[in-house]
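Residues per chain are reported as follows:
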Amino acid sequence: MAKLVVEVLDASDLAPKDGKGSANPYVEVEFDEQLQRTQTKPSDLNPQWNEKLLFNVASPAQLPSTTIEVAVYNDKRGGGGGRHRHFLGRVRISGDSVPWSESLAFVQRYPLDKRGLFSHVRGDLALRIYAIQGFSDPFMANGAAFEGAESPLQEVNTNNVEGDQDLGDKQKKKKEKDKELRTFYSMGNATGGPANPPRMASGFAFQTHQMEEKAPPNVQTRADFARASAAPATMMHMQAPRQNPEFGLVETRPPVAARMRYRGGDKTASTYDLVEQMHYLYVSVVKAKDLPAMDVSGSLDPYVEVKLGNYKGATKYLVKNQNPVWKQIFAFSRERMQSNFLEITVKDKDVGKDDFVGRVFFDTHEVPLRVPPDSPLAPQWYKLETKKGEKGKGEIMLAVWMGTQADESFPEAWHSDAHNVSHVNLSNTRSKVYFSPKLYYLRVHVIGAQDLVPFDKGRAPDTYVKVQLGNQLRITRPSQMKTINPVWNDELMFVASEPFEDYVIVSVDDRLGPGKDETLGRLIMPVRNVPQRIDTVKLQESWFNLLPPSKAEEGEKKKEVKFSSKICLRFSLDSGYHVLDESTHFSSNLQPSSKHLRKPGIGILELGILSAKNLLPMKGKDGKATDAYCVAKYGNKWVRTRTLLDTLAPRWNEQYTWEVYDPCTVITVGVFDNCHINGKDQVKDQRIGKVRIRLSTLETDRIYTHYYPLLVLQPSGLRKHGELQLALRFTCTAWINMVTQYGKPLLPKMHYAQPIPVRHIDWLRHQAMQIVAARLSRAEPPLRREVVEYMLDVDYHMFSLRRSKANFYRIMSLLSGITAMCRWYNQICYWRNPVTTCLVHVLFSILVCYPELILPTIFLYLFVVGIWNYRFRPRHPPYMDARLSQAEFTNPDELDEEFDTFPTTKPADIVRMRYDRIRSVAGRVQTVIGDLATQGERALALLSWRDPRATAIVIIFMLISAVVLYVTPFQVIAILVGLYSLRHPRFRTKLPSVPVNFFKRLPAKSDMLL
């Protein structure tokens, strides 16, 4: 007998229904009046069932015309079923898509659909469905043995829903006719453990993974039907494409002052209230005087050594200086203190062993505590002592105090955790704040030229204009006028940055042949001389002298010439735009370049970078762990934490603040491995991961503390490099301004009054990124180019098949609500629920009789839906979603294509294979676009007389309709149309309606295509 196998694997991101932010989900599958269910998974929004449900297929020929109903419910009582349940979503699968072979079955993820307009549904369900011919059940074949002999096995058929009160009438009638036991089978191995997991292979679109199972063993246990008295049988665990729980968000409760509401009376907690307080012993070595001469030359090369336990730091040595000035600060973590005595020694740098000059001791218990915002501790002079404790020669000026990371000396201090880093590379480990350069759009409108002097006077010049600003080069279209007075009328755009030190170089070239050009004239314009504009008013164009290249290089030293060619240009430095250096989808700054047009601030964003855990050893090959540091970017402000050396669980506990001008912006936090602490300039800092958080998703004045997964997509696949703990707080200081921001344009008005051409946007964004990366890489310590490019997503616009899949699934999820409404309307029309259909008839009649209630009813419905969804609002900030990004189970070849360079460097056979794959995908898109065009052309053909008989029928029908609608009240027409569309199924037919048949017969232009 044929069997239908429904493997229920897992579900993800289900809606919480138990009032505690979770659910107790189980799955019910109905096929051909047979109903079965899985076990209940308590308190799990990402459950895994991995169970097989078997159904009888009475007629294999009728399978394509049947429908498999799969529904997910929340068990309110956690152990039964029945009426005590909530609806979590459903899936309807046509039997036409069921393969007749297990090897052809794929694991498919179906987005859960709504049951009605008021259903709150989210998430998806992983199923694997296939049919088997000639299925033989070894348990049913030996049924006599079960009936005639006593068995130590006890029947515990927990998955049979025969006793549920919510079974339909059809199911009850079926059970009366057929007493055969209906349950599902959970196939395991002979030992009672899980079966061998299948091997995974990649697919495309909805068919994500192909399952190839090995042959089952001879002995199989039926875990759900029989339970052994010695040990329970185990369900089969199957590999399924579900999101790893480790990729999720974890809420934390760190002992930060803001959460503890400043208990304990520690005033230092009010400065850094989003991070844990970390105490440090600070030693400020200022200078020394009257040091004794230690060399034969009568002087010394002094330096200071600060020692606390096993930690030792030293200042730079100064050559031949008896009154040196160092001004260096040392910081020792109190958690790692190994001694109660601080030793500060002055030594003389020598070729062999350094000479002892003098020293000073401090008891750490007697060190004063400095509480910000107190002024810095004043340094004092201390007499140097000899090794015997006697007073020596010379004095040293010191300041020693106990403070926290809120101290202003913290960023510049030498830290004990970087004691093995040289002074040259010490700056690469310190925390810093950076600011992006102020960017402008430079617009050059090339109008025309006069009196050009070509070298070959016997031919018409083929001229074009080349404009260069720094590394940016743009070329106009060739002039259509092949004369010495050409006209181009072309507009070019560039990105300029303050300070305006660059020059705009404009050259007119004559194209003599392929690859052979010669310059007819050149103009050099300083950017600082270009006028600025903040609105759409066009500036006056000007005529400029074009000088020969040889004279143009001389610059201002040349004498004024009597005659030269001229070019007409219009320069403008547009400060009314916002220069995009990151994608608008997750931009952190939307302010225009001109400070006079900027919006007022609406609040404060505070970020506490607490710690990280479970980092992977990025320097495992060198025998080290990870030298991690964080970079955060919001607006034009970048921050970099200090580098914590050789640890997989760094604790930064640094807090930063930004002013917020628009709530619809995103902050980006990245973690990197510092590869420059040993002076290696050729290597690049390695990516550990990054997090993006949109401010508009945060509640005001609420503190969010979570561990965010650090996910990095590599050619080998998705990897989790650890978890980053952040604390966030968005404080609104101007509620009225923030609310009005939602009604204002996202970008400055210049973007809408004079839009930038689409062909220029990506190129300008790339140039802006390059300018920002080049400027920040010249800072000290440098924020390196690979860090800036990773934070700004420099390759976001490149093609990726993985991203294309993700966007496709986003569209399908978006359309699921519309399909749910259509299905609900279809159920109403076919009287699936007579009570609901009758209520819809009543409501429709009321709205027709009182049309003024239509809009209030719609808005009231939307209000109720919004209030209802408030219970299910997100409680956590967004994070990098591996499932949404289609990154967890991506084909390695797709990742290899995504990380390929542009242009490609792969062999020809791989490029040909990828090209063919793109062609196949584009062919499907082409078909869909063609179908849409066909429907539109059919609509236009109604009155175009392309089909004279069809158009004659349409216009006659329109005339009759106009007369009928004129003499008949509108309410009557609406009632008749509504009742006809909602008529009972016995008055319906399976054939398409007359209007649909008529529309499909209209001509389109598809038959005119070659």
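Each remark here, short or long, concerns the structure printed above.
Since we're looking at a predicted model, the values are computed, not measured.

Colleague: Pulling in residues and values, what's your account of the sheet that holds strand β36 (residues 651-660)?
Modeller: Spatially, β13-β39-β40-β33-β36 is the arrangement adopted by the 5 strands of the open sheet, whose pairing is antiparallel. Here the strands that pair on one side only, and so sit at the sheet edges, are β13 (250-251) and β36. Sheet topology note: the strand β33 (residues 603-613)/strand β40 (residues 717-732) ladder contains 10 bridges and is antiparallel. Of the residues in β40, the one forming a bridge with K613 is E723.

Colleague: Now, about the environment of Q886: what can you tell me, with residues and values included?
Modeller: Structurally, Q886 is set in the loop between α12 (854-869) and α13 (892-898). The residues touching Q886, leaving out its near neighbours within four places in the chain, are R802, K805, A806 and Y809.

Colleague: Describe the environment of I667, with residues and values.
Modeller: Here I667 shows up in strand β37 (residues 666-673). For I667, a relative accessible area of 2% gives the class buried. In the structure, I667 is positioned 27 residues away from R694 in sequence and 6.5 Å away in space, judged by C-alpha atoms. If we skip the residues at most four places from it in the chain, I667 touches L605, L607, K633, Y634, W658, V691, R692, I693 and L695.

Colleague: Tell me about the pattern of salt bridges, residues and numbers included.
Modeller: Within the structure shown, the criterion is met by 48 salt bridges. In this structure, E491 and R443 form a salt bridge, with 3.0 Å as the shortest nitrogen-oxygen distance. A residue pair is termed long-range when its members are at least 10 positions apart, and E491 in strand β27 (residues 487-497) and R443 in strand β24 (residues 439-450) qualify at 48 residues. A residue is classified by how much of its surface remains accessible, and E491, at 28% relative accessible area, is partly exposed.

Colleague: So what's going on with the packing of helix α10 (residues 801-829) against helix α11 (residues 834-849)? Residues and values would help.
Modeller: It is the contact of α10 with α11, at a shortest axis distance of 8 Å, that shows an interaxial angle of 95°. Between α10 and α11, the interaxial angle falls into the category roughly perpendicular. On α11, the residues touching W824, Q827 and I828 of α10 are T836, T837 and V840. Broken down by class, the residue content of the contact of α10 with α11 amounts to 3 nonpolar, 3 polar and no charged.

Colleague: Outline the pairing of β33, listing residues and values.
Modeller: When you tally the buried positions in β33, you get 9 out of 11 residues, the bulk of the element. Pairing between β33 and β36: 8 bridges, direction antiparallel. Across the sheet, residue S611 finds its bridge partner in β36, namely R651.

Colleague: Now, about the packing of aromatic side chains: what can you tell me, with residues and values included?
Modeller: Geometry of an aromatic ring pair is reported as the spacing of the ring centres plus the angle between the planes. Taken as a whole and assessed by the stated rule, the structure comprises 19 aromatic pairs. Ring centres of F332 and W414 lie 5.7 Å apart, and the angle between their planes is 65°; on these two criteria the pair is classed as edge-to-face. Of this pair, F332 sits in strand β17 (residues 325-333) while W414 sits in strand β22 (residues 414-415), and the two are 82 residues apart along the sequence. Judged on exposure class, the residue F332 and its partner W414 are both buried. Each member of the aromatic cluster is reached from another via a ring pair, and the members are Y280, Y282, W401 and F410. When the ring centre of W381 is taken as reference, the NZ or CZ atom of K289 above it lies at 4.5 Å. The ring of W658 has K637 lying over it, and the distance from NZ or CZ to the ring centre is 5.5 Å.

Colleague: Please set out the pairing of strand β14 (residues 279-289) residue by residue, giving values where relevant.
Modeller: Burial of β14 is extensive: 8 of the 11 residues sit out of reach of the surface. The pairing of β14 with strand β21 (residues 391-404) spans 10 bridges and is classified as antiparallel. Looking at β21, one finds that V283 is bridged to V400. In terms of strand pairing, β14 meets β17 through 7 bridges, oriented antiparallel. Paired with K287 across the bridge in β17 is V325.

Definitions and cut-offs
Residues numbered from 1 in each chain as written. Predicted model: local features only at pLDDT ≥ 70, side-chain atom pairs only at ≥ 80, totals over all residues. Heavy atoms only, no water. Pairing = 2+ DSSP bridges. Helix = DSSP H or I, 4+ residues; strand = E, 2+ residues; numbered from the N terminus. Contact = heavy atoms within 4.5 Å. Buried < 20%, exposed > 50% of the residue type's maximum accessible area, 1.4 Å probe, protein only. Salt bridge = Lys/Arg side-chain N within 4 Å of Asp/Glu carboxyl O. Axes fitted to C-alpha atoms, helices over the stretch in contact; angles between N-to-C directions. Parallel < 35°, antiparallel > 145°, perpendicular 65-115°, else oblique. Nonpolar A, V, L, I, M, F, W, Y, C, P; charged D, E, K, R; others polar. Phe/Tyr/Trp six-rings, centres within 6.5 Å; stacked < 30°, edge-to-face > 60°. Lys NZ or Arg CZ within 6 Å of the ring centre and 35° of its normal.

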